[in-house]
Amino acid sequence: MLGKRKRVVLTIKDKLDIIKKLEEGISFKKLSVVYGIGESTVRDIKKNKERIINYANSSDPTSGVSKRKSMKSSTYEELDRVMIEWFNQQKRDGIPVSGTICAKQAKFFFDALGMEGDFNASSGWLTRFKQRHGIPKAAGKGTKLKGDETAASEFCGNFQEFVEKENLQPEQIYGADQTGLFWKCLPSRTLALETEQSTSGYRSSRERIIIMCCTNATGVHKLNLCVVGKAKKPRAFKGTDLSNLPVTYFSQKGAWIEHSVFKQWFEKYFVPQVQKHLKSKGLLQKAVLLLDFPPAHPNEEVLSSDDGRITVKYLPPNVTSLIQPMSQGILATVKRYYRAGLLQKYMDEGIDPKMFWKNLTVLDAIYEVSRAWNMVKSSTITKAWKKLFPGNEENSGVNIDEGAILAANLATVLQNTEDCEHADIEYIDQWFDSQSNDSNCQVLTDCEGAENLAKPAEQKPSSKTRKTELNPEKLISHKAALEWTENLLDYLEQQDDMLLSDKLVLRRLRTIIRRKQKTQTSKNR
């Protein structure tokens, strides 16, 4: 009789290798012999392919799946997702992280997310958190996570040789990177929210989208932002044709852009747009896309145009903060412009924060962040590439801090705005650069649906009422004008031949009507 087969526990890395070999056509039987497991186990791995890949993508890129054997999830999955996102961001920025800091941050997120249960950020929780995501022990001892300067210097030299060998111009070299954006975020102290944070309407928001910026080294060709949200079609998108948005929109549940989404963006949007741009410039349709080293991106061999002329090149681990162009001020500038635009929109509408939040939708945020991306100057982009192309940046006699100018202008306006008299340049500047979990930033949940159900008196007027209001002899109310404007906006979103400028004009008009409505309401009190 054959002896009982020894139990083998595969690592996540082993399972990924098996998935890859299955895709190459190797049989279940052969793999079961090679790894010392049953054929049914191999079939189970194939069945759970997406789950295994998604788990590996969310792990730390330097050691995440080499030893991990199980995919047991955290009791508080939402907290776990937010924490690993926060940890990876600190690591990318070279910020020191210790076990104590992790525990405090976890407790903050638990309370901020309004989660229920008896959560204790103990040493046991910290150990399990690090094991789940393959975080090395050294990362939890307060050691500053500095970039690898040697690897960065070596890559710069190799990359310049590659560019010369391939005879590429800066116009043909692209970079892309992603960041999380909490789109409902205003400075709490400035807007006098601190006394109201305990009310039911004020909670830390989960209103987050992922934005990915992509541009070439000259800053001349900026592709539309890639925006990823959790909802396939958010409620605010009702009646909107996604192809008419000023961004490329995808949906997924993960914290960062997943393998399949990135591959789809690369093949369907990046390659065609780059080919079109290079053709318009009279250049050979040949380009390279520079990317980070996260596991979510497919292999270099997978990301390539059909003719093989448009490819990708990955940065080595731990050099993002040193030489990744998007991390040299581009993403930060987009966020600054977005937050400045959000605050300006709030001041233009002249309404209280709660009402502002009720009116603000993810569609508004998409238009605002698209505007912010369009405002980033080519000089800002070329400067971000200077470590890879030392002589490429534009010559400018004065180094102007655009963020400081924005902060100064907004602080001046705020000081003459009701309830915002205590604003100052330093505070606005801190808010520009704050993370979503910073105490300077107050966000709200979207309770629009519940509030609408609780207020039947604010339902849309009947057709009979509308006919009366349309009579030119009658005074058109602000409420009616606002409704018609919103309907017209919905109409424009459904058309595929409308200009973005037309939509922005209507959005500006809607802001003016809302301000007038608020002023009239105040006078009637």
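All values derive from a computational prediction rather than experimental measurement. (Residues numbered from 1 in each chain as written. Predicted model: local features only at pLDDT ≥ 70, side-chain atom pairs only at ≥ 80, totals over all residues. Heavy atoms only, no water.)

1. Brief notes about the packing of aromatic side chains
Stated precisely, the cut-off is as follows: Here a Phe, Tyr or Trp ring, Trp counted by its six-membered ring, pairs with any other such ring whose centre lies within 6.5 Å, and the pair is stacked when the planes are under 30 degrees apart, edge-to-face when over 60, and tilted otherwise. Helix and strand labels come from DSSP, where a helix needs a run of H or I of at least four residues and a strand needs a run of E of at least two; each type is numbered from the N terminus. For every residue, the accessible area obtained with a 1.4 Å probe (protein chains only) is divided by the maximum for its type, and the residue is called buried under 20%, exposed over 50%, and partly exposed between those limits. To sit over a ring, a charge needs its Lys NZ or Arg CZ within 6 Å of the ring centre and within 35 degrees of the ring normal.
Taken as a whole and judged by the stated rule, the model has 10 aromatic pairs. For the ring pair Phe119 and Trp125, a centre distance of 5.7 Å and an interplane angle of 90° mean the geometry is edge-to-face. Centre to centre, the rings of Phe250 and Tyr269 are 6.0 Å apart; their planes meet at 90°, and the pair counts as edge-to-face. Remark: Tyr269 occurs in helix 9 (residues 259–280) and Phe250 occurs in strand 5 (residues 248–251); sequence separation between them is 19 residues. Take Phe250: its relative accessible area is 7%, and that puts it in the buried class. With a relative accessible area of 23%, Tyr269 lands in the partly exposed category. Put simply, the rings of Tyr174, Phe262, Trp265, Phe266 and Phe270 pair up and form one aromatic cluster. In this arrangement the basic side chain of Arg43 is found over the ring face of Phe28, its NZ or CZ atom lying 4.2 Å from the centre. We note Lys222 situated over the ring of Trp373; from NZ or CZ to the ring centre the distance is 5.0 Å.

2. Side note on the pattern of salt bridges
Put simply, the test is: For this analysis, a salt bridge means a side-chain nitrogen from Lys or Arg found within 4 Å of a carboxyl oxygen belonging to Asp or Glu.
Applying the stated criterion to the full structure yields 8 salt bridges. Lys13 is the salt-bridge partner of Asp17, the closest N and O atoms lying 3.6 Å from each other. Here the residue Asp17 and the residue Lys13 both occupy positions in helix 1 (residues 12–23), the gap between them amounting to 4 residues, near one helical turn. On the basis of relative accessibility, which here comes to 27%, the residue Asp17 falls in the partly exposed class. Residue Lys13 is classed as partly exposed on the basis of its relative accessible area, which comes to 41%. For Glu486, the salt bridge identified is with Arg514, shortest N-O distance 3.5 Å. With Glu486 in helix 19 (residues 478–494) and Arg514 in helix 20 (residues 500–524), this pair connects stretches of sequence that are 28 residues apart. According to the relative accessible area criterion, Glu486 is partly exposed, its value standing at 30%.

3. Focus on the sheet that holds strand 5
Basically, it comes down to this: One requirement defines pairing of two strands: DSSP has to find at least two bridges between them. To get an axis, fit a line to the C-alpha atoms, keeping to the stretch in contact for a helix; angles then go from 0 to 180 degrees between the N-to-C directions.
Read across the sheet, 6 strands follow the order 5-4-3-1-6-7 without closing on themselves; strand pairing throughout is mixed. What marks the edges here is a single partner per strand, and that holds for strand 5 and strand 7 (310–314). Averaged over all pairs of adjacent strands, the angle between their axes in this sheet comes to 25°, without regard to strand direction. Judged from the 9 bridges that link them, strand 1 (residues 173–182) and strand 3 (residues 208–216) form a sheet pairing that is antiparallel.

4. Quick word on the confidence of the model for the chain
Here is the rule: Every residue carries a pLDDT, the predictor's confidence in it, which falls somewhere between 0 and 100. Contacts are assigned to residue pairs that have any heavy atoms within 4.5 Å of one another.
For the chain, per-residue confidence averages 74 on the pLDDT scale, and residues scoring 70 or more make up 67% of the total. Confidence, expressed as mean pLDDT per element, reaches its minimum in the chain at helix 17 (residues 448–454) with 32 and its maximum at strand 6 (residues 287–291) with 94. A low-confidence stretch, residues 138–145 stays under pLDDT 50, and its non-local contacts, those more than four residues away or across chains, total 20 contacts. Of the regions scoring below 50 in pLDDT, residues 436–473 engages in 74 contacts with residues more than four places distant in sequence or in other chains.

5. Comments concerning helix 1
Working note: α-helix, 3.6 residues per turn, so residues spaced by three or four point in the same direction. The test is simple: Here, expected helix span is obtained from the residue count minus one, scaled by 1.5 Å. This arc describes the spread of directions from the helix axis toward the C-beta atoms.
With 12 residues, helix 1 extends 17 Å between its outermost C-alpha atoms, agreeing within 8% with the 16 Å of an ideal straight helix rising 1.5 Å per residue. For helix 1, every residue scored as buried is listed here: Ile12, Lys15, Ile18, Ile19 and Leu22. Each buried residue of helix 1 sits inside an arc of 115° when the element is viewed along its axis, so together they form one side.

6. Some points on the side chain of Ser32
With respect to the secondary-structure elements, Ser32 resides in helix 2 (residues 28–35). Among all residues touching Ser32, those that are not within four sequence positions of it are Ile37, Gly38, Glu39 and Val42.

7. As for the UniProt feature "DNA-binding region" (unreviewed entry) in the chain
The test is simple: UniProt positions are given in the numbering used here, feature names are shortened, and annotations may be inferred rather than shown by experiment.
Following the UniProt record, the feature "DNA-binding region" (unreviewed entry) maps to residues 28–48 here. Regarding residues 28–48, the helix share stands at 81% and the strand share at 0%, and the terminal C-alpha atoms are separated by 15 Å.

8. Regarding the packing of helix 2 against helix 3 (residues 39–47)
We count it as follows: Orientation is classified from the angle alone, with under 35 degrees giving roughly parallel, over 145 giving roughly antiparallel, 65 to 115 giving roughly perpendicular, and any other angle giving oblique. Residues are sorted three ways: Asp, Glu, Lys and Arg are charged, Ala, Val, Leu, Ile, Met, Phe, Trp, Tyr, Cys and Pro are nonpolar, and all the rest, Gly among them, are polar.
At a minimum axis separation of 8 Å, helix 2 and helix 3 run at an interaxial angle of 110°. With respect to their mutual orientation, helix 2 and helix 3 come out roughly perpendicular. Residues Phe28, Lys29, Leu31 and Ser32 of helix 2 touch helix 3, and the partners they reach there are Glu39, Val42, Arg43 and Lys46. Of the residues that constitute the contact of helix 2 with helix 3, the class distribution is 3 nonpolar, 1 polar and 4 charged.

9. Concerning the environment of Lys20
Here Lys20 is to be found in helix 1. Lys20 sits in the partly exposed class, given a relative accessible area of 47%. It is 9.9 Å that separates the C-alpha atoms of Lys20 and Lys49, two residues lying 29 residues apart in sequence.

10. A look at helix 19
Taking 1.5 Å of rise per residue, the 17 residues of helix 19 would be expected to cover 24 Å, and the 25 Å separating its terminal C-alpha atoms lies within 8% of that figure. Residues Ala480, Ala481, Leu482, Glu483, Thr485, Leu489, Leu492 and Glu493 constitute the buried set of helix 19.

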